[in-house]
Amino acid sequence: HKLIEGGDSTSSGLGSDFDKIVSHMSPSHVQYFQKWYNALVLEEKHSMKRDASDQFRRSRASPLLQLAELKASVSQGEKASYMFKFETIDKEVNLLALTGVKTGDRIQLRSEDLSYQINCKAQSVGTNDVEVCLPQGRIEPNVLRRTKWTIVKSQGSTLF
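Residues numbered from 1 in each chain as written. Predicted model: local features only at pLDDT ≥ 70, side-chain atom pairs only at ≥ 80, totals over all residues. Heavy atoms only, no water.

(A) Structural context of the overall build of the protein. A tally of regular secondary structure across the protein gives six helices and six strands. Listing the helices and strands of the protein from first to last along the sequence gives α-α-α-α-β-β-α-β-β-β-α-β. Across the 160 residues of the protein, 30% fall into the buried class. For the protein, the share of sequence-separated contacts (at least 6 apart) that also reach a separation of at least 24 residues comes to 56%. A total of about 10,600 Å² of accessible surface is found on the protein, and carbon and sulfur atoms cover 50% of it. (Helix = DSSP H or I, 4+ residues; strand = E, 2+ residues; numbered from the N terminus. Buried < 20%, exposed > 50% of the residue type's maximum accessible area, 1.4 Å probe, protein only. Contact = heavy atoms within 4.5 Å. Areas by Shrake-Rupley, 256 points an atom, 1.4 Å probe, with all protein chains shown as cover.)

In structure tokens form, the structure reads like this:
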């Protein structure tokens, strides 16, 4: 309080105890601490800006996808599933190169507004498309159609 805000016994609310606690600090100690503290504040601000710009770059690294077609109904044991094909909206974008997702990888489909996040497995991955198998009833096909999506590799997430 004394070093950063220039506080004293009155503003600290500790009265004479405050002066006893901080009396050992010489003006050179105060000056050193303030320089050190200011350096930490600058480092934190820089780190936050860097983290935000890295996060933005990562979020744009996965191109936007849209549902291209409901490929087929697939039976997996007792559960019926559907095979969905998603394609990149921008056909100039190389999905494989940007995401690093390969056939068989666990992925997460994320709606553009992040209201939906679906863990699944990439059944096949092409330059501009990815096919996934989702259990029937997991999400309405109309939601899949009207929403723009991104994909990211999952790190050990559970599949359904």
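(B) Focus on a nonpolar patch on the surface. Judged by side-chain polarity, Y32, W36, Y37 and L40 come together as a nonpolar surface patch covering roughly 430 Å² of accessible area. By secondary structure assignment, the location of Y32 is in helix 4 (residues 27-61). Classification of Y32 by relative accessible area gives exposed; the value is 60%. (Patch = residues over 30% accessible without salt bridge, like charges linked within 9 Å, V, L, I, M, F, W, Y side chains within 5 Å. Salt bridge = Lys/Arg side-chain N within 4 Å of Asp/Glu carboxyl O.)

(C) A look at the pattern of salt bridges. Tallied over the full model, the rule gives four salt bridges. Here D17 ties to K20 by a salt bridge, and the two come within 4.0 Å at their closest N and O atoms. One end of the pair, D17, and the other, K20, are both in helix 3 (residues 16-22), three residues apart, so they sit about a helical turn from each other. Owing to a relative accessible area of 42%, D17 belongs among the partly exposed residues under this scheme. Of the charged contacts in the structure, one is a salt bridge between K153 and D105, with a shortest N-O distance of 3.8 Å. Of this pair, K153 sits in strand 6 (residues 149-153) while D105 sits in the loop between helix 5 (95-99) and strand 3 (106-111), and the two are 48 residues apart along the sequence. On the basis of relative accessible area, D105 is assigned to the buried category, the value being 18%.

(D) Up close: the nonpolar core. Counting residues in each nonpolar core, the largest one holds 20 residues, and the members touching the most others are F86, V130, V132 and L144. A total of four residues in this core trace back to one element, the largest contributor, which is strand 4 (residues 117-125). The residues contacting L144, other than those within four sequence positions of it, are L67, F84, F86, I118, L134, I139 and W149. (Core = buried A, V, L, I, M, F, W, Y, C linked by side-chain atoms within 4.5 Å.)

(E) Representation of the environment of Q117 within the structure. Summarising the element assignment, Q117 is placed in strand 4. Given a relative accessible area of 40%, Q117 falls into the partly exposed group. Through-space distance from the C-alpha of Q117 to that of T150 is 9.6 Å; in sequence the pair is 33 residues apart.

(F) Region of the structure containing the packing of aromatic side chains. All chains considered together, the criterion is met by five aromatic pairs. Ring geometry for F33 and W36: centres 5.5 Å apart, planes at 50°, overall tilted. Separated by three residues within a single helix, F33 and W36 lie in helix 4, roughly one turn from each other. An angle of 70° between the planes, with centres 6.3 Å apart, marks the rings of F86 and W149 as edge-to-face. A residue pair is termed long-range when its members are at least 10 positions apart, and F86 in strand 2 (residues 79-88) and W149 in strand 6 qualify at 63 residues. Residue F86 shares its accessibility class with W149, and that shared class is buried. An aromatic cluster is built from F33, W36 and Y37, whose rings are joined through pairwise contacts. (Phe/Tyr/Trp six-rings, centres within 6.5 Å; stacked < 30°, edge-to-face > 60°.)

These figures capture arrangement, not role.
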